[in-house]
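Listed below, chain by chain, are the residues.
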Amino acid sequence: MIIRNEERHLERCLASVQGWVSEIIIGDTGSSDGSIGIASSFGAQVIEIPWENDFAKARNLTLRAASCSWILVLDADEAIAGWREEVLQPLLEAEKVQGYFLPFIHYVGNTSGREYVTDNVCRLFRNDARIVFEGSIHEEAAGSIWALPEGHVDYAELPIDHYGYLDDELQRKDKSSRNLSLILTALELDPKSISLRYALGTEHYQQGQYTAAANILFPLLPEIPAGSGYAADIYLKTAYALQAGGRSSDAKTVFANGRSLFPDFTDLLESYAGLLLEEGELQVSRLLLQQALESGNTAHKYPSSSGSGTSRTQLFAGQVCERLFLYKEAHKHYTQAIGYEADYSAAWDELVPLCLLSGEEEILSSLTRLHAPSLSSALLGRLVPAALNARAFGWLEVLGEAGQLPLHVRRLIQVLLQLLPQQHSSPQAAQLLAQLLEEDSEQPFIHGYLWACSCRIGDEAAAGQWLERLAAYRPGLTAVRQLLVNPPADSAGCQSPSFADLSYAAQLLLQTGAWSSLLALYKHADAALLQWSRLPEPLWCGLLQAPAAIKKQWCSVYTAQEQHCHTPAGLAEWLLYAAVASSCGLTPLLEPAAERALQQSGSKAAAVGLSYHKLLLAAAVHPQGAASGSIPWLLLVRAALREKL
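(A) Structural context of the nonpolar core. The biggest cluster of nonpolar side chains holds 117 residues, and the ones touching the most others in it are Trp395, Leu433, Trp451, Leu521, Trp532, Trp554 and Trp574. Core analysis: the next-biggest nonpolar cluster, separate from the first, contains 39 residues, Leu242, Phe255, Leu275 and Leu282 among them.

(B) Quick look at the confidence of the model for the chain. Model confidence for the chain is summarised by a mean pLDDT of 90, while 95% of its residues fall at 70 or above. The spread of mean pLDDT over the elements of the chain runs between helix α6 (residues 167-173), the lowest at 74, and strand β4 (residues 70-72), the highest at 98.

(C) Structural context of the packing of aromatic side chains. According to the stated counting rule, one finds 23 aromatic pairs in the structure shown. Residues Phe255 and Tyr272 carry aromatic rings whose centres are separated by 5.2 Å and whose planes lie at 10° to one another, so their mutual orientation is stacked. Linking Phe255 in helix α11 (residues 248-261) with Tyr272 in helix α12 (residues 266-278), this pair joins segments that are 17 residues apart in sequence. As far as the burial class goes, Phe255 and Tyr272 line up, both buried. Ring pairing ties together the aromatic residues Tyr522, Trp532, Trp554, Tyr558 and Tyr577, which thus form one cluster. For Arg12, the ring lying beneath its charged end belongs to Tyr163, and the centroid distance is 3.8 Å.

(D) Up close: the pairing of strand β7 (residues 116-126). Two strands pair when backbone bridges link them, and β4 and β7 are joined in this way by three bridges, in the antiparallel orientation. Looking at β7, one finds that Ile71 is bridged to Phe125. Of the pairings in the sheet, the one linking strand β6 (residues 99-107) to β7 comprises nine bridges and is antiparallel in character. In the strand pairing of β7, Pro103 is matched with Asn120.

(E) Highlighting the packing of helix α22 (residues 444-457) against helix α25 (residues 499-512). Packing of α22 against α25 brings their axes to within 9 Å, and their N-to-C directions diverge by 60°. Judged by the angle between their axes, α22 and α25 are oblique. At the point where α22 passes α25, the crossing takes the right-handed sense. Facing Phe445, Gly448, Tyr449, Trp451, Ala452, Cys453, Cys455 and Arg456 of α22, the residues of α25 in contact are Tyr504, Ala505, Leu508, Leu509, Gln511 and Thr512. In terms of residue class, the contact of α22 with α25 is built from ten nonpolar, three polar and one charged.

(F) Structural view of the sheet that holds strand β3 (residues 45-48). Read across the sheet, three strands follow the order β1-β2-β3 without closing on themselves; strand pairing throughout is parallel. Edge positions in the open sheet fall to β1 (2-3) and β3, since each of these has one partner strand only. Relative to strand β2 (residues 25-28), β1 runs parallel, the two sharing two bridges. The partner of Ile3 across the bridge, within β2, is Asp28.

(G) Molecular detail of the pattern of salt bridges. This structure, assessed with the given rule, holds 23 salt bridges. Glu279 serves as the salt-bridge partner of Lys252, at 3.1 Å between the closest nitrogen and oxygen. Taken together, the residues Lys252 in helix α11 and Glu279 in the loop between α12 and α13 (282-295) connect sequence positions 27 residues apart. You can call Lys252 partly exposed: its relative accessible area is 25%.

(H) Focus on unusual backbone geometry. At Asn5, a residue that is not glycine, the phi angle is positive and equals roughly 50°. Since its relative accessible area comes to 28%, Asn5 is described here as partly exposed. Here the phi dihedral of His138 falls at roughly 50°; this positive angle occurs in a residue that is not glycine. Checked against the element boundaries, His138 lands in the loop between β7 and α5 (142-146).

(I) Here's a closer look at the packing of helix α8 (residues 194-206) against helix α9 (residues 210-217). One can describe the packing of α8 onto α9 by two numbers: an axis separation of 7 Å at closest approach and a directional angle of 165°. Considered as vectors, α8 and α9 are oriented roughly antiparallel to each other. Regarding α8 and α9, the two cross each other, and that crossing is left-handed. For the pair formed by α8 and α9, the contact residues are Arg197, Tyr198, Leu200, Gly201, His204 and Tyr205 on the first element and Tyr210, Ala212, Ala213, Ile216 and Leu217 on the second. Its residues placed into classes, the contact of α8 with α9 shows eight nonpolar, two polar and one charged.

Reading the values: rules and limits
Residue numbers here run from 1 along each chain, matching the order of that chain's written sequence. Whole-chain, interface and lining totals are the exception, using all residues; otherwise, since this is a predicted model, local features are given only for residues with pLDDT of at least 70 and side-chain atom pairs are given and counted only at 80 or more. Water and hydrogen atoms were dropped before computing side-chain values, which therefore reflect all heavy atoms in the structure. We call a set of buried residues a nonpolar core when its members are Ala, Val, Leu, Ile, Met, Phe, Trp, Tyr or Cys and they connect through side-chain atoms within 4.5 Å of each other. Here's how the labels work: a residue is buried when its accessible area is under 20% of the maximum for its type, exposed when over 50%, partly exposed in between, all with a 1.4 Å probe on protein chains only. Looking at any residue, its pLDDT shows the predictor's confidence there, from 0 to 100. Under the DSSP-based scheme used, a helix requires at least four consecutive residues in state H or I and a strand at least two consecutive residues in state E, with every element numbered from the N terminus. Aromatic pairing here means that ring centres of Phe, Tyr or Trp (its six-membered ring) are within 6.5 Å. Orientation follows from the plane angle: under 30 degrees is stacked, over 60 is edge-to-face, and everything else is tilted. We call a charge positioned above a ring when the Lys NZ or Arg CZ atom is no farther than 6 Å from the ring centre and deviates by at most 35 degrees from the ring normal. When DSSP finds at least two bridges between two strands, those strands are taken to pair. Axis lines are fitted to C-alpha atoms, over the contacting stretch for helices. Their N-to-C directions set the angle, which ranges from 0 to 180 degrees. Oblique is the label for every angle not falling under 35 degrees (roughly parallel), over 145 degrees (roughly antiparallel), or within 65 to 115 degrees (roughly perpendicular). The hand of a helix crossing depends on one turn: near helix anticlockwise from the far one by less than a right angle means left-handed, and clockwise means right-handed. Contacts are assigned to residue pairs that have any heavy atoms within 4.5 Å of one another. Each residue is assigned to one class: nonpolar for Ala, Val, Leu, Ile, Met, Phe, Trp, Tyr, Cys and Pro, charged for Asp, Glu, Lys and Arg, and polar for all the others, Gly among them. Salt bridges are defined by distance alone: a side-chain nitrogen of Lys or Arg within 4 Å of a carboxyl oxygen of Asp or Glu.

In structure tokens form, the structure reads like this:
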């Protein structure tokens with residue numbers, strides 16, 4: 001390896017190779033920190049190397065000092081990961097192989113271990129004077145191996161973790177500026193070099209300068225040598241840069257050509273599907289994603305990113321299926337995404353409302369039990385409110401058994417499971433919650449449940465006291481209290497609550513079954529502000545569990561308001577109203593002007609909703625002969641909110 005001021009990473013790197021290598025040779029290009037001391041503590045041979053802005057030259061000087069038959073080359077911010085002797089030893093004994101491409105896992109973003117991109121680099125090869133690195137930057141050794149009469153480079157499943165692309169490392173080392181300077185200097189000497197122009201385009205690409213990247217990479221495509229290791233990556237980066245730069249037609253051409261050349265390159269297939277999805281070509285997008293899923297993880301062949309061909313592609317396929325109203329298929333894709341990565345929060349975020357809105361709570365209970373040991377406390381902390389909002393008490397009980405949840409959350413769930421499913425509340429509910437508060441006074445959400453339970457039993461004095469305490473944490477709830485106690489006609493000049501405070505109050509009231517207060521909140525709040533389709537999706541399920549009398553009054557409040565079905569939000573509100581009305585035996589009302597607005601919206605969800613409305617009208621006249629729909633109303637609300645009209 002070659003280093004310069006790498007005390008931050010060097011110990012991790014050298015510790016990872018202990019027991020795997022017979023000697024450590026380090027070329028130091030001018031360290032002024034503790035790197036040399038760390039290297040010496042591992043018994044490394046340190047060679048002082050002058051830095052001449054040429055990575056290949058520096059690396060080749062260290063190769064000359066190697067005495068063993070095989071050489072592994074690493075950087076200080078890399079480490080071997082999960083190697084097994086039974087995998088390595090046969091590779092070193094292979095007679096007709098001179099080198100191996102190793103899978104490099106480049107962690108990106110803020111923290112290591114989550115998001116990453118991969119590529120394969122030849123860093124394990126025979127100690128042969130003819131095998132050297134080439135290129136002043138992005139240097140590689142595979143070319144010199146292929147130039148040998150017997151030269152053959154194979155792939156080895158020996159992963160290398162790389163931490164140098166994490167955000168703080170890129171900023172600390174300013175690698176982009178350094179790389180750009182080296183590439184431009186090298187291009188002055190060899191302006192036609194494909195590899196250097198590719199490197200220059202890649203630098204612009206990584207900095208988000210997509211127009212500049214496309215202008216460099218697009219002309220390279222006809223010049224790429226057949227069988228070059230970076231051809232697939234150039235096609236992917238070129239197509240994406242063209243798309244990001246507004247050249248969709250050129251991007252589609254490059255994507256299509258790339259697909260023909262690399263039909264199992266999952267990252268390219270997925271990006272191509274994304275472009276077609278933007279243009280409304282849902283069916284073709286779905287076919288591309290299916291092709292990627294059939295290919296699976298092909299990171300051993302192509303540069304790739306985390307989840308491509310597996311969890312992330314399953315998630316994307318599920319989202320496309322939802323756009324096509326293929327809900328069973330979407331459910332399957334989300335479930336398979338979680339099968340690949342149990343703690344995949346993006347997949348849970350899609351699957352949870354899909355199951356709840358379609359009345360399939362038991363599926364969530366089964367899936368949670370199956371993956372419980374692998375679910376993080378952070379994810380569980382997002383699932384618990386969803387279960388509470390949906391009043392999905394069976395699933396909530398399963399969630400409450402997870403040891404990863406903080407103890408105070410599990411104890412609160414146990415208390416709520418005793419209280420919330422009951423049809424009628426009693427003062428004992430407040431006593432149980434107050435006992436929890438005595439044991440842990442630093443949990444403001446307990447004040448919230450005490451307020452909501454007081455509202456449920458009609459104890460206005462207690463409700464005021466608990467809300468006053470809760471307002472110390474959420475001051476905006478004072479305006480909610482004023483709204484409930486003093487309707488707008490009697491409270492001119494009172495502060496209007498924000499949507500966030502209305503949402504918080506609505507969730508507490510619905511979870512605890514304080515239906516009368518919830519109805520009053522809806523009646524007295526600004527209709528333009530308290531739009532139910534903006535509330536968390538699981539809350540819609542909880543609303544359908546209200547008593548029929550409450551739901552009928554809720555529908556009366558909606559129909560008394562001015563309707564705005566010409567907007568996406570107004571369309572979603574009508575669909576939600578239709579869901580509530582249908583659930584309590586009412587036929588949803590639809591004024592002619594609103595119906596025309598829905599017809600002219602271009603919304604597929606609106607078209608389906610209107611069809612169902614006609615079926616309901618027919619059923620009212622001929623109850624024995626009318627057909628019924630197969631897509632739950634609540635899923636249409638979700639679809640309407642996701643459409644681009």
